Amino acid sequence: MSTYTDRIQPTNSAISTYLDNLLARKYQIPTFQRDIVWEKENVKKLWDSIYKFYPLGSILIWKTSTKLESHREIGGIELADNFSSNEYQYILDGQQRTTALLTSIYGDKIVCKNKFNPTLYVDLTIEFTDATDDTSYIKRFLFWDEIDDKNGQNKGNKSKNERYEEKLIVKLEDIKNDYGNVERNLYKGGYGNFDHPYRQQLAKCKEVLDNYRMSFIELRGIEVAEVCQIFERINQAGKPLYIFDIVVAKTFRIEDKKNNIPGFYLRELINNFRKSIASSQYANVDDWTLLQMLAVVVKLSFPNAGIQNITDKYLNELKTEHIEAVWSNFKIAVVKTFDFFDNILHIKGTRLIPYRYLYLTIIAYFYRNDKPDYSFLNKYFWYYSFHNADLLTNTTHLWQHIDFVNQQKANSTYSFNQFDIDKNSIRKSFYSYRGRLSRAILSLYANHKPQDWAKPHRGVLSDVYYLLTDKPNLHHIFPVNFIKQSGIASHIESDSLMNIAYLSQITNLKISDKNPLDYLKEYDDPDLETVLCSHLIPTIILEWSRTDALPEHALTIFIEERVNLLLEDLKLKLDGIEFNVFDMGNRTDNIYS
């Protein structure tokens, strides 16, 4: 059994040994290490630090028995593809340095730098002056495009090309792998004296490659979830490593044509699935949610698969064969889930789903369910979205909910406990991405397919409307500035969601800060009352506009009327369920049966 002191072990090895081990696949770069920022200047500075025996910083290695999908080439250099082991060594931090070192020696190509050869050369004629020398590296370390004179056409490179022809500019690779021949070339060129500066430069480079020690920090006995945290904290760019990346790498399988075994790449499956539902507002749901939805259906199909929960620890247990087995039915269930949100509830986009866990409970209901009961599902959604108690906030709740919906799926019978709602919580709800009740209220507004006041036969929740804005275009029915100027309400009342409606951007801008009595006159026609009802807006405000008079405490009266409309609508949606309304503002209760 490993102890905490075993978890982190500092080690080191020579650069040459490290590069040889990379080619032998003793170290691997997992595919979640994707973005390479390769710049010539940075590579030269890297080698200058090595040349001066400056420390580079440690390479972070994760040693684990978990097999991940890993890159089979680095910078275009093919690595051995037959490596297998009981323990794998993955580079978590140091990919940039590793790629720079490997391609400097062995060349080939760099992604996004077409036709550029990253092989690095050393100009032996460039002397190292003193400890403060911080510029000579630019001339000492060269790439081929800085040497090649293109048969005399590039005059700026003429002298360097001549030194290359005289064997005074040599490849790092040759110094590493063919040192004797490089030394003989210097001898033949008249530089046989061991004390000659060129020979000294060559010896210095050989010493660097043989004796410079790369530092490593090895992690052992670290679980996947913890690796994700470590990766994010040590990654200088702050790029997080998500469990989805780990699962993609771990479940990857290369096609085996000989044994008729197909390849498997979860990221590609997910991306292709997204393309197939590109028209849906839910095609951009995050990878983590999709992975958890996948884990739920795997658990339902394979109870003994080790997926006991949807946390990182158990998501790590997802197996390729289990994903393959459920994939077709999983896609069908996801499409039904998104369709339910989009076209039945009319919630146009992921931002307004009150609980993220609703994705998981509802996919569990649709999974391998040919005869879903949408009346039940509607009640389920609105009951838990609005219930005064938060009844879907943790994984214990989640599995209880999944058992509940699956019980209905199995025998079509179900019963809900009494529904409780605080009238004051509705009254004082504000717009918030994180507020469950706020999102529920906005979802309820969206569910009624609100129409544009200026164009009564046009809905305001269009696709473009949602795609082009960071949040829904919300309008204050009693504009905030109007309220301030008239002094008819407090700040709390003005920002209540009971004073909010969806409007098109054009209509919203046109209304601006006008008195509601004035702007409603501009839209007052036979259809306006129907339009207001589509927003759950009490028509009493239209009566005030027609009489051109706001009563005292008009906004308070309006908010109370709208709260009542919302509760009446909820009561209809939860028909047959005991409906208990209480008011923590007025301390009065009433029960609707």
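Residues numbered from 1 in each chain as written. Predicted model: local features only at pLDDT ≥ 70, side-chain atom pairs only at ≥ 80, totals over all residues. Heavy atoms only, no water.

How would you explain the overall build of the protein chain if you had to name every residue and give the values?
Each helix and strand counted, the protein chain has 28 helices and 14 strands in total. Residue burial in the protein chain is summarised as follows: out of 593 residues, 50% are buried. A sequence separation of at least 24 residues applies to 73% of the contacts in the protein chain between residues at least 6 apart. (Helix = DSSP H or I, 4+ residues; strand = E, 2+ residues; numbered from the N terminus. Buried < 20%, exposed > 50% of the residue type's maximum accessible area, 1.4 Å probe, protein only. Contact = heavy atoms within 4.5 Å.)

Which residues make up empty space enclosed by the protein, and what are the values?
Sizing a probe to match a water molecule and rolling it over the atoms shows the empty space that remains. Tallied over the entire structure, the rule returns one cavity of 30 Å³ or more. Taken as a whole, the largest cavity encloses approximately 40 Å³ of empty space. Every residue along the wall of the largest cavity is listed here: Trp-47, Tyr-51, Phe-141, Leu-172, Cys-205 and Val-208. If you list the elements that add at least two residues to the lining of the largest cavity, you get helix H3 (40–51) and helix H9 (197–211). Across the lining of the largest cavity, the residue classes tally to six nonpolar, no polar and no charged. (1 Å grid on protein atoms, 1.4 Å probe; cavity = no way out; pocket = protein on both sides within 12 Å on 5 of 7 lines; lining within 4 Å. Points joined across faces, edges and corners; volume = space filled by probe spheres on them. Nonpolar A, V, L, I, M, F, W, Y, C, P; charged D, E, K, R; others polar.)

Quick rundown of the sheet that holds strand E5 (residues 88–93)? Include the residues and the values.
Strand order in the open sheet formed by four strands is E1-E9-E2-E5, and the pairing between neighbours is mixed. Unpaired on one side and paired on the other, strand E1 (8–14) and E5 mark the two borders of the sheet. Neighbouring strand axes in the sheet, compared pairwise and without regard to direction, differ in orientation by 35 degrees on average. Pairing analysis gives five bridges linking strand E2 (residues 59–64) to strand E9 (residues 213–220), with the strands arranged parallel. Within E9, the residue paired with Trp-62 across the bridge is Leu-219. Contacting E2, E5 and E9, helix H4 (residues 95–106) runs over the sheet at an angle of about 105 degrees to E5. (Pairing = 2+ DSSP bridges. Axes fitted to C-alpha atoms, helices over the stretch in contact; angles between N-to-C directions.)

Got a sec to walk through the sheet that holds strand E6 (residues 120–123)? Specific residues and values, please.
Within the open sheet, the three strands sit side by side as E7-E6-E8. Their pairing is antiparallel. Both outer strands of the open sheet, strand E7 (141–143) and strand E8 (169–171), are each paired with one neighbouring strand and no more. Along the sheet, successive strands turn relative to each other by an average axial angle of 40 degrees, direction set aside. Sheet topology places E6 next to E7; three bridges connect them, and they run antiparallel. Note that in E7 the partner of Tyr-121 across the bridge is Leu-142. Here H3 sits on the sheet in contact with E6 and E7, set at roughly 150 degrees to E7.

Requested: an account of the pattern of salt bridges, with residues and values cited.
Applying the stated criterion across every chain yields a total of 22 salt bridges. As a salt-bridge pair, Glu-87 and Arg-220 come within 2.9 Å of each other at their nearest N and O atoms. Here Glu-87, found in the loop between strand E4 (77–78) and E5, pairs with Arg-220, found in strand E9; they are 133 residues apart in sequence, far enough to count as distant. A relative accessible area of 33% places Glu-87 in the partly exposed class. (Salt bridge = Lys/Arg side-chain N within 4 Å of Asp/Glu carboxyl O.)

Run through helix H16 (residues 358–366), naming residues and quoting values.
Most of H16 is tucked away, with nine of its nine residues classed as buried. Among the residues of H16, Leu-358, Tyr-359, Leu-360, Thr-361, Ile-362, Ile-363, Ala-364, Tyr-365 and Phe-366 are the ones counted as buried.

Account for the nonpolar core, with residues named and values stated.
Ranked by internal contacts, the top residues of the largest apolar core, which has 124 residues, are Leu-266, Phe-341, Tyr-380, Phe-386 and Trp-453. Considering each element in turn, this core owes the most residues, nine residues, to helix H15 (residues 320–344). Leave out the neighbours within four places in its chain, and Tyr-380 touches Leu-358, Thr-361, Ile-362, Leu-392, His-401, Phe-404, Val-405 and Phe-416. Counting residues in hydrophobic clusters, the runner-up holds 41 residues, among them Leu-19, Ile-61, Leu-124 and Cys-205. (Core = buried A, V, L, I, M, F, W, Y, C linked by side-chain atoms within 4.5 Å.)

How would you explain unusual backbone geometry if you had to name every residue and give the values?
A positive phi angle, near 55 degrees, is found at Asp-548, a position not held by glycine. You can see Asp-548 is positioned in the loop between helix H27 (540–547) and helix H28 (554–573). One non-glycine residue, His-553, lies in the positive phi region at around 60 degrees. Examined against the element boundaries, His-553 turns out to sit in the loop between H27 and H28.

Can you explain the packing of aromatic side chains? Please cite residues and give values.
Scanning the model with the defined rule gives 42 aromatic pairs in all. With a centroid separation of 6.4 Å and 50 degrees between ring planes, the pair formed by Tyr-384 and Phe-416 is classed as tilted. Of the two residues, Tyr-384 is situated in helix H17 (residues 374–386) and Phe-416 in the loop between helix H18 (395–411) and strand E10 (419–422); the sequence distance between them amounts to 32 residues. For Phe-416, a relative accessible area of 14% translates into the label buried. It is Lys-204 that lies over the ring of Tyr-51; its NZ or CZ is 4.0 Å from the centre. The ring of Trp-288 carries the charged tip of Arg-356 above its face, separated from the ring centre by 4.4 Å. (Phe/Tyr/Trp six-rings, centres within 6.5 Å; stacked < 30°, edge-to-face > 60°. Lys NZ or Arg CZ within 6 Å of the ring centre and 35° of its normal.)

Any chance you could break down the side chain of Thr-251 for me, citing the residues and the numbers?
Positionally, Thr-251 belongs in helix H11 (residues 243–251). Residue classification places Thr-251 among the buried positions, given a relative accessible area of 1%. A polar side-chain atom of Thr-251 sits 2.7 Å from the main-chain carbonyl oxygen of Val-247. Apart from residues lying up to four places away in sequence, Thr-251 is in contact with Phe-264, Leu-266, Leu-318, Lys-319, Thr-320 and Ile-323. (Polar contact = N/O pair within 3.5 Å; in protein donor to acceptor, adjacent residues only side chain to side chain.)

Report on the packing of H17 against H28, specifying residues and quantitative values.
Interhelical geometry of H17 versus H28 gives an angle of 140 degrees and a closest axis separation of 9 Å. The angle between H17 and H28 places the two elements in the oblique class. Note on element contacts: H28 touches H17 through Leu-566, Leu-570 and Lys-573, opposite Lys-379, Trp-382 and Phe-386. (Parallel < 35°, antiparallel > 145°, perpendicular 65-115°, else oblique.)

So what's going on with the confidence of the model for the protein chain? Residues and values would help.
Low-pLDDT portions of the prediction should not be read for the details of their coordinates. The share of residues in the protein chain with pLDDT of 70 or more is 86%, and the mean pLDDT across the chain is 86. When the criterion is pLDDT under 50, residues 463–470 qualifies, and its contacts beyond four places in sequence or with other chains add up to 17 contacts. In this model, residues 587–593 is a region of pLDDT below 50 whose contacts with residues beyond four sequence positions or in other chains number 16 contacts. (pLDDT = per-residue confidence, 0-100.)

Account for the pairing of E2, naming residues and giving values.
Taken residue by residue, a regular strand's side chains alternate between the two faces of the sheet. Within E2, six of the six residues are buried, which leaves the element mostly enclosed by the surrounding structure. The alternating pattern of E2 places Ile-59, Ile-61 and Lys-63 on one face and Leu-60, Trp-62 and Thr-64 on the opposite face, and all of these are buried. Looking at chain direction, E2 and E5 are connected through five bridges and run antiparallel. Looking at E5, one finds that Lys-63 is bridged to Gln-89.

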